[in-house]
Amino acid sequence: MKSNDQRSNVFISKKMSYCLRHNPGKYGLTLDEYGFVSLSEFLKAMNRMHHFRPKLTEMKIREIMNASDKKRFEIKDNKICALYGHSIPGIIKRKQAAPPAILYHGTARRFLPNIRKEGLLPMGRQYVHLSVDLAMAESVGKRRDAHPAILIINAKQAYQDGINFYVGNDEVWLCDHLPSQYFHLIG
Ligand code: HQG
(Lines give C-alpha, C1' and ligand atoms only; values in the text may rest on other atoms or scores of the structure.)
Protein backbone atom coordinates (compact mmCIF):
# COMPACT_ATOMS: atom_id res chain seq x y z
CA MET A 1 0.00 0.00 0.00
CA LYS A 2 1.26 3.44 -0.88
CA SER A 3 1.48 6.06 1.89
CA ASN A 4 -0.17 9.46 1.43
CA ASP A 5 3.27 10.91 0.86
CA GLN A 6 4.02 8.43 -1.92
CA ARG A 7 0.63 9.09 -3.51
CA SER A 8 1.24 12.80 -3.44
CA ASN A 9 4.71 12.32 -4.97
CA VAL A 10 3.21 10.25 -7.80
CA PHE A 11 0.62 12.98 -8.37
CA ILE A 12 3.30 15.69 -8.54
CA SER A 13 5.50 13.55 -10.81
CA LYS A 14 2.60 12.98 -13.22
CA LYS A 15 1.89 16.70 -13.39
CA MET A 16 5.59 17.38 -13.99
CA SER A 17 5.61 14.84 -16.83
CA TYR A 18 2.45 16.32 -18.30
CA CYS A 19 3.93 19.79 -18.29
CA LEU A 20 7.45 18.93 -19.48
CA ARG A 21 6.56 16.19 -21.97
CA HIS A 22 3.17 17.08 -23.34
CA ASN A 23 1.72 20.50 -22.66
CA PRO A 24 4.06 23.23 -21.37
CA GLY A 25 1.90 25.81 -23.16
CA LYS A 26 -0.98 25.10 -20.79
CA TYR A 27 1.32 26.28 -18.00
CA GLY A 28 2.40 29.35 -19.93
CA LEU A 29 5.85 27.83 -20.47
CA THR A 30 7.98 27.38 -23.58
CA LEU A 31 10.71 24.75 -23.62
CA ASP A 32 14.02 25.40 -25.32
CA GLU A 33 15.11 23.15 -28.20
CA TYR A 34 16.50 20.61 -25.74
CA GLY A 35 13.33 20.51 -23.67
CA PHE A 36 14.63 22.64 -20.79
CA VAL A 37 12.80 25.42 -19.00
CA SER A 38 13.92 27.67 -16.16
CA LEU A 39 13.41 25.83 -12.86
CA SER A 40 12.07 28.91 -11.07
CA GLU A 41 9.56 29.57 -13.89
CA PHE A 42 8.56 25.91 -13.79
CA LEU A 43 7.97 25.99 -10.03
CA LYS A 44 5.94 29.19 -10.30
CA ALA A 45 3.81 27.74 -13.10
CA MET A 46 3.25 24.40 -11.31
CA ASN A 47 2.20 26.17 -8.12
CA ARG A 48 -0.04 28.60 -10.01
CA MET A 49 -1.79 25.75 -11.83
CA HIS A 50 -2.09 23.16 -9.05
CA HIS A 51 -2.10 25.23 -5.84
CA PHE A 52 0.20 22.73 -4.12
CA ARG A 53 0.11 22.93 -0.31
CA PRO A 54 2.83 23.05 0.88
CA LYS A 55 4.19 24.88 -2.14
CA LEU A 56 6.22 22.83 -4.58
CA THR A 57 9.90 23.63 -4.13
CA GLU A 58 13.14 22.57 -5.78
CA MET A 59 13.87 20.50 -2.68
CA LYS A 60 10.60 18.59 -3.05
CA ILE A 61 11.25 17.96 -6.74
CA ARG A 62 14.72 16.67 -5.98
CA GLU A 63 13.28 14.42 -3.26
CA ILE A 64 10.76 12.99 -5.75
CA MET A 65 13.47 12.48 -8.37
CA ASN A 66 15.74 10.70 -5.88
CA ALA A 67 12.99 8.43 -4.60
CA SER A 68 11.77 7.46 -8.08
CA ASP A 69 12.51 4.10 -9.69
CA LYS A 70 12.89 5.88 -13.05
CA LYS A 71 15.09 8.79 -14.00
CA ARG A 72 12.45 10.92 -15.73
CA PHE A 73 13.78 14.44 -15.21
CA GLU A 74 17.07 16.27 -15.13
CA ILE A 75 17.99 19.54 -13.39
CA LYS A 76 20.98 21.37 -14.85
CA ASP A 77 22.11 25.02 -14.67
CA ASN A 78 18.91 26.03 -12.85
CA LYS A 79 16.81 24.50 -15.61
CA ILE A 80 14.69 21.35 -15.71
CA CYS A 81 13.69 18.96 -18.49
CA ALA A 82 12.01 15.61 -19.03
CA LEU A 83 14.55 13.08 -20.30
CA TYR A 84 12.12 11.16 -22.52
CA GLY A 85 8.45 10.69 -23.32
CA HIS A 86 7.81 13.96 -25.18
CA SER A 87 4.79 14.36 -27.40
CA ILE A 88 4.76 18.12 -27.92
CA PRO A 89 4.85 19.13 -31.56
CA GLY A 90 8.34 19.75 -32.88
CA ILE A 91 11.23 17.50 -32.07
CA ILE A 92 13.09 18.08 -28.81
CA LYS A 93 16.77 17.60 -29.63
CA ARG A 94 18.41 14.70 -27.86
CA LYS A 95 22.03 13.68 -27.87
CA GLN A 96 22.66 11.22 -30.70
CA ALA A 97 24.86 8.29 -29.74
CA ALA A 98 25.82 4.75 -30.61
CA PRO A 99 23.41 2.45 -28.76
CA PRO A 100 24.28 -0.80 -26.98
CA ALA A 101 24.36 -3.72 -29.45
CA ILE A 102 21.08 -5.09 -28.11
CA LEU A 103 18.05 -3.28 -26.74
CA TYR A 104 14.55 -4.41 -25.79
CA HIS A 105 11.00 -3.19 -26.21
CA GLY A 106 8.06 -4.39 -24.13
CA THR A 107 4.63 -4.02 -25.67
CA ALA A 108 1.11 -5.42 -25.70
CA ARG A 109 0.56 -8.65 -27.62
CA ARG A 110 -2.40 -7.06 -29.39
CA PHE A 111 -0.09 -4.51 -31.07
CA LEU A 112 2.14 -7.19 -32.63
CA PRO A 113 0.38 -7.58 -35.99
CA ASN A 114 0.73 -3.85 -36.68
CA ILE A 115 4.25 -3.69 -35.27
CA ARG A 116 5.31 -6.54 -37.57
CA LYS A 117 3.79 -4.74 -40.55
CA GLU A 118 4.90 -1.17 -39.87
CA GLY A 119 7.86 -1.59 -37.54
CA LEU A 120 8.09 0.28 -34.24
CA LEU A 121 6.63 3.77 -34.60
CA PRO A 122 6.83 6.64 -32.12
CA MET A 123 3.00 6.65 -32.04
CA GLY A 124 1.97 9.52 -29.74
CA ARG A 125 5.53 10.45 -28.81
CA GLN A 126 8.46 11.97 -30.65
CA TYR A 127 10.61 8.86 -30.55
CA VAL A 128 10.37 5.08 -30.16
CA HIS A 129 11.36 4.13 -26.58
CA LEU A 130 13.68 1.17 -25.98
CA SER A 131 14.93 -0.43 -22.76
CA VAL A 132 18.44 -1.52 -21.86
CA ASP A 133 17.36 -4.76 -20.24
CA LEU A 134 14.65 -7.36 -20.20
CA ALA A 135 13.32 -6.48 -16.76
CA MET A 136 12.76 -2.88 -17.77
CA ALA A 137 11.11 -3.87 -21.08
CA GLU A 138 8.81 -6.20 -19.19
CA SER A 139 7.72 -3.49 -16.78
CA VAL A 140 7.11 -1.07 -19.68
CA GLY A 141 5.04 -3.74 -21.49
CA LYS A 142 3.08 -4.59 -18.35
CA ARG A 143 1.55 -1.09 -18.43
CA ARG A 144 -0.56 -2.40 -21.31
CA ASP A 145 -0.63 -6.20 -21.07
CA ALA A 146 -0.29 -8.57 -18.08
CA HIS A 147 1.79 -10.89 -20.29
CA PRO A 148 3.60 -8.46 -22.54
CA ALA A 149 5.44 -9.32 -25.73
CA ILE A 150 9.15 -8.56 -25.56
CA LEU A 151 11.05 -7.63 -28.69
CA ILE A 152 14.79 -7.96 -28.89
CA ILE A 153 16.28 -5.17 -30.99
CA ASN A 154 19.40 -5.49 -33.11
CA ALA A 155 20.36 -1.91 -32.32
CA LYS A 156 23.90 -2.30 -33.58
CA GLN A 157 22.74 -3.23 -37.08
CA ALA A 158 20.04 -0.55 -37.13
CA TYR A 159 22.59 2.07 -36.09
CA GLN A 160 25.07 0.86 -38.72
CA ASP A 161 22.32 1.12 -41.32
CA GLY A 162 21.80 4.79 -40.46
CA ILE A 163 18.90 4.79 -37.99
CA ASN A 164 19.39 7.53 -35.39
CA PHE A 165 19.53 6.63 -31.70
CA TYR A 166 19.46 9.07 -28.80
CA VAL A 167 20.24 8.84 -25.11
CA GLY A 168 17.22 9.15 -22.84
CA ASN A 169 18.75 8.12 -19.54
CA ASP A 170 20.81 5.15 -18.29
CA GLU A 171 17.92 2.78 -18.95
CA VAL A 172 15.94 4.32 -21.80
CA TRP A 173 17.15 4.77 -25.37
CA LEU A 174 15.21 6.59 -28.05
CA CYS A 175 15.21 6.07 -31.79
CA ASP A 176 13.42 7.03 -34.96
CA HIS A 177 11.09 4.62 -36.77
CA LEU A 178 12.50 1.11 -36.50
CA PRO A 179 11.57 -1.25 -39.36
CA SER A 180 10.75 -4.82 -38.46
CA GLN A 181 13.93 -6.38 -39.88
CA TYR A 182 15.73 -5.03 -36.78
CA PHE A 183 13.77 -6.95 -34.14
CA HIS A 184 12.23 -10.27 -33.30
CA LEU A 185 9.96 -11.56 -30.62
CA ILE A 186 11.54 -13.29 -27.63
CA GLY A 187 10.08 -16.65 -26.77
C1 HQG B 1 3.28 0.59 -29.54
C2 HQG B 1 6.96 5.09 -19.83
C3 HQG B 1 0.91 -0.42 -33.07
C4 HQG B 1 4.44 0.48 -28.61
C5 HQG B 1 7.59 3.75 -20.13
C6 HQG B 1 3.83 0.94 -27.31
C7 HQG B 1 8.56 4.03 -21.27
C8 HQG B 1 2.79 0.28 -31.94
C9 HQG B 1 2.79 1.95 -27.76
C10 HQG B 1 7.99 5.26 -21.94
C11 HQG B 1 3.50 0.42 -33.14
C12 HQG B 1 3.19 3.39 -27.51
C13 HQG B 1 7.44 4.96 -23.30
C14 HQG B 1 2.82 0.09 -34.35
C15 HQG B 1 4.82 0.95 -31.54
N16 HQG B 1 1.53 -0.32 -34.28
N17 HQG B 1 1.50 -0.13 -31.90
N18 HQG B 1 3.42 0.16 -35.56
N19 HQG B 1 4.75 0.84 -32.87
N20 HQG B 1 3.64 0.63 -30.97
O21 HQG B 1 3.57 4.81 -24.01
O22 HQG B 1 7.40 2.55 -25.27
O23 HQG B 1 6.59 5.82 -16.70
O24 HQG B 1 4.05 5.93 -26.24
O25 HQG B 1 4.92 -0.85 -28.57
O26 HQG B 1 8.20 3.18 -19.03
O27 HQG B 1 5.20 1.97 -24.11
O28 HQG B 1 5.90 7.50 -18.40
O29 HQG B 1 5.52 4.10 -25.48
O30 HQG B 1 3.20 -0.11 -26.64
O31 HQG B 1 9.87 4.26 -20.88
O32 HQG B 1 8.17 7.61 -17.33
O33 HQG B 1 2.63 1.78 -29.16
O34 HQG B 1 6.91 5.72 -21.10
O35 HQG B 1 7.71 5.85 -18.94
O36 HQG B 1 3.14 3.61 -26.12
O37 HQG B 1 6.58 3.82 -23.23
P38 HQG B 1 4.04 4.70 -25.42
P39 HQG B 1 6.19 3.00 -24.53
P40 HQG B 1 7.05 6.73 -17.77
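Small disclaimer: the values here were computed from a predicted structure and weren't measured.

**Quick look at the domain arrangement of the protein chain**
Phase 1: Along its sequence, the protein chain is organised into domain 1 (4-82) and domain 2 (102-185).
Phase 2: Between domain 1 and domain 2, the C-alpha centre-to-centre distance is 27 Å.
Phase 3: Taken residue by residue, the interface counts five residues in domain 1 and four residues in domain 2.
Phase 4: Taken together, the two surfaces of domain 1 and domain 2 that pack against each other cover about 360 Å², and 42% of this comes from carbon and sulfur.
Phase 5: For the interface between domain 1 and domain 2, the tally reads zero salt bridges.
Phase 6: In this structure, the connection of domain 1 to domain 2 is made through one residue pair in polar contact (both at pLDDT 80 or more).
Phase 7: Here the residues of the side of domain 1 that touches domain 2 are counted per class, giving no nonpolar, one polar and four charged.

**Section: the side chain of S131**
Phase 1: Relative to the helices and strands, S131 resides in strand β5 (residues 128-131).
Phase 2: Once you skip the residues sitting within four places of it in the chain, S131 turns out to touch L103, Y104, M136, A137, V140 and E171.

**Brief notes about the pairing of strand β4 (residues 102-107)**
Phase 1: Most of β4 sits out of view: five of its six residues are buried.
Phase 2: Pairing of β4 with strand β6 (residues 149-154), which is carried by six bridges, proceeds in the antiparallel orientation. From the neighbouring strand, L103 faces β6, where its bridge partner is I153.

**Brief notes about the layout of surface pockets**
Phase 1: Roughly 1300 Å³ of internal volume is contained in the largest pocket.
Phase 2: When residues of the lining of the largest pocket are traced back to their parent elements, those giving at least two are α1 (4-22), α3 (58-67), β4, α4 (112-118), β5 and α5 (134-141).
Phase 3: Classifying every residue of the lining of the largest pocket gives 17 nonpolar, 17 polar and eleven charged.
Phase 4: Roughly 280 Å³ of volume is contained in the second largest pocket.
Phase 5: Around the second largest pocket, the lining is made up of 16 residues, and of these E74, K76, L83, R94 and K95 lie nearest the centre.
Phase 6: When residues of the lining of the second largest pocket are traced back to their parent elements, those giving at least two are β2 (73-76) and β3 (79-82).
Phase 7: Within the lining of the second largest pocket, the residues separate by chemical class into five nonpolar, two polar and nine charged.
Phase 8: Looking at the lining of the second largest pocket, you find at least three residues from each of domain 1 (4-82) and domain 2 (102-185).

What counts and how
- Residues numbered from 1 in each chain as written.
- Predicted model: local features only at pLDDT ≥ 70, side-chain atom pairs only at ≥ 80, totals over all residues.
- Heavy atoms only, no water.
- Domains from an automatic or database assignment.
- Contact = heavy atoms within 4.5 Å.
- Buried area = accessible area lost by both parts, 1.4 Å probe.
- Salt bridge = Lys/Arg side-chain N within 4 Å of Asp/Glu carboxyl O.
- Polar contact = N/O pair within 3.5 Å; in protein donor to acceptor, adjacent residues only side chain to side chain.
- Nonpolar A, V, L, I, M, F, W, Y, C, P; charged D, E, K, R; others polar.
- Helix = DSSP H or I, 4+ residues; strand = E, 2+ residues; numbered from the N terminus.
- Buried < 20%, exposed > 50% of the residue type's maximum accessible area, 1.4 Å probe, protein only.
- Pairing = 2+ DSSP bridges.
- 1 Å grid on protein atoms, 1.4 Å probe; cavity = no way out; pocket = protein on both sides within 12 Å on 5 of 7 lines; lining within 4 Å.
- Points joined across faces, edges and corners; volume = space filled by probe spheres on them.

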